[in-house]
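Chain and residue survey
Here is what each chain is made of, one letter per residue.
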Amino acid sequence: MTIASNQIPGPLRWAVLTLRGEAGAVGLIAGWLLWANLTAPSVDLTSALLLTVFAAGVAAALWALGGALARCRAGARAPAIVLQLMLLPIGWFMIQGGLGWLGGPLMALGLGVTALLLSTPTTRALGFE
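These notes cover the structure that comes with them. (Residues numbered from 1 in each chain as written. Predicted model: local features only at pLDDT ≥ 70, side-chain atom pairs only at ≥ 80, totals over all residues. Heavy atoms only, no water.)

Some remarks on the overall build of the chain
Scanning the chain from N- to C-terminus turns up six helices and zero strands. Considered along the principal axes of its C-alpha atoms, the chain spans approximately 55 × 30 × 20 Å. The proportion of buried residues among the 129 residues of the chain is 34%. Within the chain, contacts between residues separated by at least 24 positions form 65% of all contacts whose residues are at least 6 apart in sequence. A total accessible area of about 7500 Å² is found for the chain, and carbon and sulfur atoms account for 74% of it. (Helix = DSSP H or I, 4+ residues; strand = E, 2+ residues; numbered from the N terminus. Buried < 20%, exposed > 50% of the residue type's maximum accessible area, 1.4 Å probe, protein only. Contact = heavy atoms within 4.5 Å. Areas by Shrake-Rupley, 256 points an atom, 1.4 Å probe, with all protein chains shown as cover.)

Right, dumping it as structure tokens:
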């Protein structure tokens, strides 16, 4: 089932925008990692490339999931929720490491987008009800 973009409910629209924003942010991190790999005087090339490719892959996955959800593809909801819930342990360890100013908002972001994806309007738009 495909719904025109003007018929997408607000919570789903916000979830898509947030996923796309996250994709952009992780894409910028991947770009910075690539730049750091190229300009570092000494680097473990294998680890550096794997981390950079992983970040680029996450950015691509977030972008693709946002696009699929914008087209009301029900199968994209579960992977999007999994990626959002992965922000919980990341945020927790950031808080434990003294970066609470970043870890707390990351955890809130993950829970917020998960709530948007599980909301009743989103559930209906994706055909689960």
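Structural notes on the side chain of threonine 122
With respect to the helices and strands, threonine 122 occurs in helix α6 (residues 120–125). A polar contact is formed between the side chain of threonine 122 and the backbone nitrogen of leucine 12, at a distance of 3.3 Å. Dropping the residues within four chain positions of it, threonine 122 is found in contact with Pro9, Pro11, Leu12, Leu116 and Leu117. (Polar contact = N/O pair within 3.5 Å; in protein donor to acceptor, adjacent residues only side chain to side chain.)

Observations concerning the nonpolar core
Residues Leu12, Leu69, Cys72, Ala80 and Leu117 are the most contacted members of the largest nonpolar core, which totals 23 residues. The element that contributes the greatest number of residues to this core is helix α1 (residues 10–39), accounting for eight residues. Leaving out residues up to four positions away in the same chain, leucine 117 has contacts with Ala15, Leu69, Arg77, Ala80, Ile81 and Thr122. (Core = buried A, V, L, I, M, F, W, Y, C linked by side-chain atoms within 4.5 Å.)

Here we look at the packing of aromatic side chains
Summed over all chains, the structure comprises zero aromatic pairs. Taking the ring centre of tryptophan 63 as reference, the NZ or CZ of arginine 20 above it sits at 4.0 Å. (Phe/Tyr/Trp six-rings, centres within 6.5 Å; stacked < 30°, edge-to-face > 60°. Lys NZ or Arg CZ within 6 Å of the ring centre and 35° of its normal.)

Brief notes about helix α3 (residues 77–85)
Regarding α3, the residues found buried are Arg77, Ala80, Ile81 and Gln84. All buried residues of α3 project into a common sector of 100° when viewed along the axis, lining one side. The elements touched by buried residues of α3 are α1, α2 (45–70), α4 (87–96), α5 (100–118) and α6. (Arc of directions from axis to C-beta.)

A look at unusual backbone geometry
Within the chain, cysteine 72 stands out as a residue other than glycine whose phi angle is a positive 60°. As for its placement among the helices and strands, cysteine 72 is situated in the loop between α2 and α3. Its relative accessible area of 3% is what places cysteine 72 among the buried residues.

A closer look at α4
Every buried residue of α4 is listed here: Leu87, Gly91 and Met94. The buried residues of α4 all sit within an arc of 60° when viewed along its axis, so they share a single face. Within α4, the exposed residues directed more than 90 degrees away from the buried face are Phe93 and Gln96. Where α4 is buried, its residues meet α1, α3 and α5.

Focus on the packing of α1 against α2
In the contact formed by α1 and α2, the axes pass within 8 Å of each other and the chain directions differ by 160°. In terms of axis orientation, α1 runs roughly antiparallel to α2. Note that α1 runs across α2; the crossing there is left-handed. Here the residues of the contact of α1 with α2 sort into 20 nonpolar, five polar and two charged. (Axes fitted to C-alpha atoms, helices over the stretch in contact; angles between N-to-C directions. Parallel < 35°, antiparallel > 145°, perpendicular 65-115°, else oblique. Left-handed = near helix turned anticlockwise from the far one by under 90°. Nonpolar A, V, L, I, M, F, W, Y, C, P; charged D, E, K, R; others polar.)

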